[in-house]
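# Understanding the architecture of this molecule
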Amino acid sequence: MPISHETYASLTLEDTLWGLRSGAFTAPELLDAALARIDACEPAVNAVITMDIPGATKAAGAWPRNGTRAGTGASLAGAPIAVKDNLMTRGLKTTCGSRILGNFVPPYDAGVVEKLRAAGAVIVCKTNMDEFAMGSSGRNSAYGATGNPWNPKLVPGGSSSGSAAIVAYGGVPAAIGTDTGGSIRQPASFCGLVGMKPTYGRVSRWGVGALGSSLDQVGPITRTVRDNALLFDIIAGHDGRDSSSLENPFVPTLPTIEDGVAGLRTAYDPGLLDRGGVHPAHAEAIRFAVKAIRGAGGEVVEVALPLVKYGVAAYYIICACESSANLARFDGVRYGVRERAGGGLWDTYSKTRGLGFGDEVKRRIMMGAYALSSGYYDAYYLKAARVRRLFATEYEKLLAGVDVVLLPVTPAPPRPLDQDCTPLENYLGDVFTVPANMAGIPALAFPVGTHDGLPVGVQAMAGYFREDALYRLARTIEKEATLSDPPWARPAPEAGQ
Amino acid sequence: MSGRKYVTTVGVEVHVELATRTKMFCSCLNAPQGVAPNLATCPVCLGLPGSLPVINREAVRLGIVAALALNCAVNPRIWFERKNYVYPDLVKGYQISQIAMPLGERGWLAIIGDDGAEKKVAINRVHLEEDTARLAHSGDNSLIDVNRSGAPLMEIVTDAVLRSGREAEEYVRKLRAILVYNGVSRCRIQRGEMRVEANVSIAPEGAKELGVRSEIKNQAGFNHMRSAVEYEVRRQAGALDAGGTLRQETRGWDDVNQRTFVQRSKEDAHDYRYFPEPDLPPLNIDPAWVAAVEAALPTGYEDYVAGLLGQGLTAADVDALSRNDALGFLRLAASAMGDKTVLFAKRLIKDVFALANSTGVPLDESRLGPSAFRDAALLLENGKIAAEGFRTLLDVLYREGGEAERRAGENQLFVETDAGAVAEAISKVFAENPRLIEDFKNGKIAVRNALLGRTMKAVGKRADPRVVSGLLDQALQHQGRADHDRDTRLPRGKS
Amino acid sequence: MIIDAQEVLRLSEMLRMALTQAEAERMAGDMSSVIDYVGLLNELDVSGVDAMGRAILDQAPLRDDVPGPSLGYPDLEALGGGAFDPATAAFLVQGVFAD
């Protein structure tokens, strides 16, 4: 039976799978609703870079009804999913949000995309993002800024701006993002969603346009904690094409998600909340979470996290160094947009890269090259790499004694789309998200309520491989939280509002 | 010229392409010559976004073999770095290489020094890296063939301890022989599988510090390298004698005019911005693996050569084997040093190198492998094929490859000594040549060889000449006796 | 300013990435303030810390030396941008000679 896009918009991933299996609607009907909802919301939000209607139609057509055809084990059969535009999609343009890849069509699928397709997902579109995942606003895209569906005059967060926004407006129930220093968790939080940055190595990086290779992870963005675990269980696992892929066996998280918090020890640093810089609503969100955990029989202890304030400085250096090398391949010689210049090949290189990259990308390439250059390496790169080891060691010690550490996701709520800040001000917004990337541990952002009409979230970090603990904790708190008037339950926002 | 005396100091950097099947970090074929342009490519070696490197175990093994053969210590924990520079043959804008912790360090290789004594050339490091794509120039354009991009390369660097162009040449020849012998690389210079750079400086005798050095890139052969080093020594001495100063620079070798020329001065030297490759965790080299590689190493190159001389091969034989890059081939063909080694060596020199000459295809580019050669030589040795059949078989194997036994069968080379057929042939030959028989009976023993030749011709090359010869002799004896007892029956040979 | 526009332009030349004078000046300011901020790390004692140490993912996997699939000419043409030239079966760029 056809389904209206307003009804569709608030369906969770589990709802859509249940509906497909029960025959309430078919995958093509679901896709029609998704396309209608996206059409209605895109003018105001701009969450999408490239639609894949032919590909999605074909994929949905494989599941005319009763999604789980006997024996296929295709657990996402027929569900519409959106994928960030830095995951390679075979035969489908992949821009990484950059002008320099404006014509790039990869000949292969990312490891995560392969897993989604194998699970029967219907990949509807490639989502907007800060160029090469550099940014936390969604404003650094060559394809236009993305608006926050809660209030299109505000930023949705970034760099997985489009993946968060499209889930928030109900275009798809779930999307894939990438997180190098908070790029899943921060937009998820700004959009009232659940976002997981898995243990480094848990999800394949094969086919993911790299920002900071030693920091990047792929993860799901959803509206519910259960949906997030469901999707995470599908994309996690070893991939021999990624040398940093963990070989130890992956244990699915969904089966234990309702186990509650009894037996989990949770820690937080009250000093961090009281010090200046954290918005009262974000500090209050942590206290709300602490109360909910205790109320559900969990133990909460207080700890000190003295290294947090050094995270951004060390993270920024490492990320800039790695990205300066990662982006050196974009020269227009074998693929990508070439800007031919009359003065010979080197002029063509310079013009191609000068015009092809946006300001923030050029800034980080320059900064990385500077920090690695002869005479500066020890003071910057090596120093930062050592500080990173301090982070890893601190969190290894801490997480030997507790299961979960709570932190705010961001110090402050989303800024207006038209408000400019200095690069440094932007980087400092990542202060609570970079520690997990530095330590390589999993971290989950999830909403606990609303304040002034905007969602407020908290972040939980756990030890290596302990995504299961994060989901149990978040699922427990989710039951106590209320999000009033979320955009997925509203009519489509009007453009120019 | 003031005639001041200078001490020459030369350090040599050699790059070799490793003899693996696939590339260093991806599973594309490592056969840049054997594949049409740009078809041995994938997202990794094309440098497409999202692609990631995975280390080839065999490349690491060959690196360990080389390190051990060059008396290096194998580091127990190594890692790779990114070496950053911009060039259209470098697809990622960086080369995955090693700087801080190379695979092997602190080795040596013995040569005969300029003073006639043995000299241990100190080897500073042996490390692994990846090759670049190949650039060809066509009019105003450059054409990029990515097939070579990511091919496994090994770099071997000496300390600055060589004293002349002759020593440098001797070192590189010996290094090449060792690498080829151990199967690390085929080192075909004309194909760029071995590339040599020399750092040359001179300083007044007695000076404590080295002079300003120039780096001479990619010489096309051993003698080129020697000429380039010797030219460079003369050029630097001339400049200093004339009161000039030298600049640190990279120079090329112009073989036509027999001189070096400036390619790049130090001022625009690259800043490679090395840092650890974040896509690859460190690589801990299990000591048990190194021990196993060491245990499987063949006899050392020098011991092997000494062994061959001890078995009675001449220095000229060994030289021929070495020049044809056949020492490693011989070692693989004859696993233990002994009679067979000598036999195989002689066959290689006599029959196989003749094929190399006649076909113009060197042994290591032929389809003939050591085991097929061994099997063919043994077929001959055991009388399964005749000498002529052996030569035919080698020719087939050389051009087409395959297993010796199967090829011998396909080409009907097996000796099939059908005694009945031989007996028939002998009767026929006797009947057709009564004069010869008469001569034989009259004591002209020499006609026997003529009869043998005619009999062989009658039975065809598939017959074993030794068997035919035996049967013929028996028949001739019968002929002698037949006058007495009229018994013309021929003995039955082996069936 | 820790880094000036001239040094920024020198870096951009090495990186083959054109910057206008105005961009270089703006970038010098941005970079200087970030470099200044990064000085915060000097408060931490990192002596004796092994930058290559790892708790997990401490061993690079090794791949068997077995050939796998490679791309074909249609894949290379489909990359977009027209850099792959079917006539020569090569990627074509303006000529480059020893620099």
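Within any chain, residue numbers begin from 1 and follow the written order of that chain's sequence. A letter from A marks each chain and a number from 1 marks each ligand, given out in the order of writing. Where local features are concerned, this predicted model is filtered to residues with pLDDT of at least 70; where side-chain atom pairs are given and counted, the filter is 80 or more; whole-chain, interface and lining totals use all residues.

### Let's talk about the overall build of chain A
- Assigned secondary structure in chain A consists of 17 helices and 11 strands.
- The C-alpha radius of gyration computed for chain A amounts to 21 Å, which stays within 12% of the reference 23 Å derived for 497 residues, consistent with globular compactness.
- Remark: C-beta atoms are placed from the backbone, and a residue is labelled buried if 20 or more other C-beta atoms sit within 10 Å of its own, exposed if 12 or fewer do, or partly exposed between those counts. Burial status across chain A gives 65% buried among its 497 residues. Labels follow the DSSP assignment, with helices taken as runs of H or I lasting at least four residues and strands as runs of E lasting at least two, numbered in each case from the N terminus. Taken over C-alpha atoms, the radius of gyration is set against a globule rule of 2.2 Å times the number of residues to the power 0.38.

### Here's the deal with the overall build of chain B
- On a plain count of helices and strands, chain B comes out with 16 helices and 17 strands.
- A globule of 495 residues ought to have a C-alpha radius of gyration of about 23 Å, yet chain B, at 30 Å, is considerably larger.
- Taking the principal axes of the C-alpha coordinates as reference, chain B spans close to 105 × 60 × 55 Å.
- By residue count, 43% of the 495 residues in chain B fall in the buried class.
- Contact definition: two residues whose C-beta atoms, as placed from backbone geometry, lie within 7 Å. By sequence separation, contacts in chain B at least 24 residues apart represent 68% of the contacts at least 6 residues apart.

### Remarks on the domain arrangement of chain B
Residue and element names in this part refer to chain B.
- Each domain's extent is set by a domain assignment, obtained either automatically or from a database. Each domain of chain B was delimited in the assignment, giving domain 1 (6-284), domain 2 (298-410) and domain 3 (419-485).
- Contacts between the two partners involve four residues from domain 2 and, on the opposite side, four residues from domain 3.
- Amino acids are sorted into nonpolar (Ala, Val, Leu, Ile, Met, Phe, Trp, Tyr, Cys and Pro), charged (Asp, Glu, Lys and Arg) and polar (every other residue, Gly among them). The class makeup of the residues in the side of domain 2 that touches domain 3 is one nonpolar, two polar and one charged.

### As for the interface of chain A and chain C
- If you look at the interface, chain A gives 52 residues, while chain C gives 41 residues.
- Looking at the side of chain A that touches chain C, the elements that each hand over two or more residues are α11 (311-326), α12 (345-356), α13 (359-372), α14 (378-401) and α15 (423-428) of chain A.
- Top element by residues in the side of chain A that touches chain C is α14 of chain A. It accounts for 11 residues.
- Residue composition of the side of chain A that touches chain C, grouped by class: 30 nonpolar, 12 polar and 10 charged.

### Details of unusual backbone geometry
- A cis amide bond links Gly158 of chain A with the next residue in sequence, Ser159 of chain A, at an omega value of 10 degrees.
- With respect to the helices and strands, the residue Ser159 of chain A is situated in the loop between β3 (122-127) and α6 (161-168).
- The phi angle at Asn38 of chain B is positive, at roughly 65 degrees, despite the residue not being glycine.
- Assignment of secondary structure puts Asn38 of chain B in the loop between β1 (6-17) and α1 (43-46).
- By the C-beta count within 10 Å, which is 26 here, Asn38 of chain B ends up buried.

### Side note on the interface of chain C and chain B
- Residue-level contacts link 31 residues of chain C with 39 residues of chain B.
- Elements with a minimum of two residues in the side of chain C that touches chain B: β1 (62-63) and β3 (90-94) of chain C.
- No other element matches the five residues that β3 of chain C contributes to the side of chain C that touches chain B.

### Describing the sheet that holds strand β3 (residues 73-74) of chain B
Residue and element names in this part refer to chain B.
- The mixed open sheet is built from nine strands, whose spatial order is β3-β7-β8-β11-β1-β12-β13-β14-β15. Strands at the two margins of the open sheet, each flanked by one partner only, are β3 and β15 (259-265).
- Every axis corresponds to a line fitted to the C-alpha atoms, with the helix fit spanning only the stretch in contact, and the corresponding angles, defined between N-to-C directions, vary from 0 to 180 degrees. Packing of helix α4 (residues 222-241) onto the sheet brings it into contact with β1, β12 (194-204), β13 (214-219), β14 (249-254) and β15, and relative to β12 it is tilted by some 25 degrees. Pairing between strands is defined by DSSP: at least two bridges between them are needed.

### Examining α13 of chain A
- Counted at 1.5 Å a residue, the expected span for α13 of chain A with its 14 residues is 20 Å, and the 20 Å between its end C-alpha atoms agrees.
- Extensive coverage of α13 of chain A is indicated by the burial of 12 of its 14 residues.
- Inspection of α13 of chain A places Val361, Lys362, Arg363, Arg364, Ile365, Met366, Met367, Gly368, Ala369, Tyr370, Ala371 and Leu372 of chain A among the buried residues, and these make up the whole buried set.
- On its buried side, α13 of chain A packs onto α11, α14 and α15 of chain A, β16 (275-276) of chain B together with α1 (5-14) and α2 (21-38) of chain C. An expected span of 1.5 Å times one less than the residue number is assigned to each helix.

### Brief notes about the sheet that holds strand β2 (residues 84-85) of chain C
- Reading across from one edge, β9(B)-β10(B)-β3(C)-β2(C) is the order of the four strands in this open sheet, with antiparallel pairing throughout. Two strands in the sheet have a free side with no partner beyond their single neighbour: β9 (134-138) of chain B together with β2 of chain C.
- Where β9 of chain B lies against strand β10 (residues 141-145) of chain B, five bridges are found, and the strand directions are antiparallel. Looking across to β10 of chain B, one finds that His137 of chain B is bridged to Ser142 of chain B.

### Thoughts on the pairing of strand β6 (residues 217-222) of chain A
Residues and elements named next belong to chain A.
- Of all six residues making up β6, six are buried, and the element is well covered by its neighbours.
- The pairing of strand β4 (residues 174-179) with β6 spans six bridges and is antiparallel. Across the sheet, residue Ile176 finds its bridge partner in β6, namely Pro220.
- Taken together, the two bridges between strand β5 (residues 194-197) and β6 define a ladder with antiparallel strand orientation. Of the residues in β6, the one forming a bridge with Val194 is Thr222.

### Some thoughts on the packing of helix α10 (residues 280-295) of chain A against helix α17 (residues 467-478) of chain A
Residues and elements named next belong to chain A.
- In contact at an axis separation of 9 Å, α10 and α17 are set at 95 degrees when each is read in the N-to-C sense. Accordingly, the angle class assigned to the pair α10 and α17 is roughly perpendicular. The segment α10 lies against α17, with Ala289, Ala292 and Ile293 engaging Leu473, Thr476 and Ile477.
- Counted by class, the contact of α10 with α17 contains five nonpolar, one polar and no charged residues. For classification purposes, angles smaller than 35 degrees are called roughly parallel, those larger than 145 roughly antiparallel, those between 65 and 115 roughly perpendicular, and all remaining angles oblique.

### Digging into the domain arrangement of chain A
All names here are of chain A.
- Its domain assignment divides chain A into domain 1 (5-263 + 406-489) and domain 2 (309-382).
- The centre of domain 1, based on its C-alpha atoms, is set 27 Å off from the matching centre of domain 2.
- Taken residue by residue, the interface counts 30 residues in domain 1 and 22 residues in domain 2.
- Mapped by element, the contributors of at least two residues to the side of domain 1 that touches domain 2 are α15 and α16 (434-439).
- It is α16 that contributes the most residues to the side of domain 1 that touches domain 2, four residues altogether.

### Structural notes on the packing of α11 of chain A against α13 of chain A
Residue and element names in this part refer to chain A.
- Across the interface, α11 lies against α13 with an axial gap of 7 Å and an inter-helix angle of 100 degrees. Considered as vectors, α11 and α13 are oriented roughly perpendicular to each other. Of α13, the residues touching α11 (which contributes Ile317, Ala320, Cys321, Ser323 and Ser324) are Arg364, Ile365, Met367, Gly368, Ala369, Ala371 and Leu372.
- When grouped by side-chain class, the residues that make up the contact of α11 with α13 number eight nonpolar, three polar and one charged.

### Let's talk about the environment of Ala89 of chain C
- Mapped onto the elements of the fold, Ala89 of chain C is located in the loop between β2 and β3.
- Ala89 of chain C sits in the partly exposed class, given 15 other C-beta atoms within 10 Å.
- Remark: the alpha-carbon pair of Ala89 of chain C and Leu41 of chain C, spanning 48 residues in sequence, is separated by 51 Å.
- Not counting residues within four places of it along the chain, the set of residues in contact with Ala89 of chain C comprises Ala36, Pro37 and Asn38 of chain B together with Tyr73 of chain C.

### Side note on the confidence of the model for chain A
- You can read pLDDT as the predictor saying how much it trusts each residue, on a scale of 0 to 100. Taken as a whole, chain A shows an average pLDDT of 95; of its residues, 97% reach a score of 70 or greater.
- Counted against residues more than four places away or in other chains, residues 69-73 of chain A, with its pLDDT under 50, gives one contact.

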